[in-house]
Amino acid sequence: PNDNIKRLLAKWVAHCFNRPAFPDEVVKAVVAPILNNLRMMQAENDPDLKVLDLVKEVRIAPLKEVTPYKVNMLFIISEEGLPDNGIALARFVGRLQEWFDPEAANLAAWDALSLYEISAGDYINTQQIYLDHYTYDGNTIKGLIPPFYHL
């Protein structure tokens, strides 16, 4: 494998053992619907999934313990911004908000910003959602297959 593949693999292995845990209820209501639908989009080669190539991280603000969870998402993008002024990401988010069971969670707000557009405090106050897999209640929820698996 080339150096880029080795770097991606090392980064993926490292984050698997360094990801903060979401409570099981949050994984079930928020994370699992996202991962399940991303996996289906990937399997179908859905062109709307391509927008995630422009997203460096997906993060959520702290959730109150009351359901339905009000989800505030933050998409971290490059400092150059999005080439289409965010139209493709808005279309993707429009689909994403339909993935939640309305009795369990709903998308209250979202934004796409570079790391230079948010404060360190606002960044730290959100938690990254890794899009490959999560485990809860003894089950693994599979999301996107990392790019180095496709070799």
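Computed from a prediction, not measured in an experiment: that's the story for all the values here. (Residues numbered from 1 in each chain as written. Predicted model: local features only at pLDDT ≥ 70, side-chain atom pairs only at ≥ 80, totals over all residues. Heavy atoms only, no water.)

A. Spatial organisation of the overall build of the protein chain. If you tally the helices and strands in the protein chain, you get 4 helices and 6 strands. For the protein chain, the succession of helices and strands along the chain, N to C, is α-α-β-β-α-β-α-β-β-β. Relative to its 151 residues, the protein chain shows a buried fraction of 44%. Partitioning the contacts of the protein chain with sequence separation of at least 6, the portion at a separation of at least 24 is 71%. By element, 54% of the accessible surface of the protein chain is carried by carbon and sulfur atoms, the whole surface being about 9,200 Å². (Helix = DSSP H or I, 4+ residues; strand = E, 2+ residues; numbered from the N terminus. Buried < 20%, exposed > 50% of the residue type's maximum accessible area, 1.4 Å probe, protein only. Contact = heavy atoms within 4.5 Å. Areas by Shrake-Rupley, 256 points an atom, 1.4 Å probe, with all protein chains shown as cover.)

B. Examining the packing of aromatic side chains more closely. All told, the structure shown has 2 aromatic pairs when counted by the stated rule. Ring geometry for Phe-75 versus Trp-110: centroids 5.9 Å apart, planes at 85 degrees, classification edge-to-face. With Phe-75 in strand E2 (residues 69-77) and Trp-110 in strand E3 (residues 105-114), the pair connects residues that are 35 residues apart, well separated along the chain. Classification of Phe-75 by relative accessible area gives buried; the value is 0%. A centroid spacing of 5.9 Å and a plane angle of 90 degrees characterise the contact between Phe-92 and Trp-99, whose relative ring orientation is edge-to-face. Among the residues examined, Phe-92 registers a relative accessible area of 2% and is labelled buried. For the cation-ring pair, Arg-59 lies above Tyr-123, with the distance from its terminal atom to the ring centre recorded as 3.9 Å. (Phe/Tyr/Trp six-rings, centres within 6.5 Å; stacked < 30°, edge-to-face > 60°. Lys NZ or Arg CZ within 6 Å of the ring centre and 35° of its normal.)

C. Summary view of empty space enclosed by the protein. Within this structure, the stated rule accounts for 1 cavity of 30 Å³ or more. Taken as a whole, the largest cavity encloses approximately 30 Å³ of empty space. Lining the largest cavity are Ile-34, Leu-38, Leu-52, Val-58, Met-73, Phe-75, Phe-92, Leu-96 and Leu-131. Among the secondary structure elements, those contributing two or more residues to the lining of the largest cavity are helix H2 (24-43), E2 and helix H3 (87-96). Partitioned by chemical class, the residues of the lining of the largest cavity number 9 nonpolar, no polar and no charged. (1 Å grid on protein atoms, 1.4 Å probe; cavity = no way out; pocket = protein on both sides within 12 Å on 5 of 7 lines; lining within 4 Å. Points joined across faces, edges and corners; volume = space filled by probe spheres on them. Nonpolar A, V, L, I, M, F, W, Y, C, P; charged D, E, K, R; others polar.)

Keep in mind that these numbers describe shape and distance, not what the molecule does.
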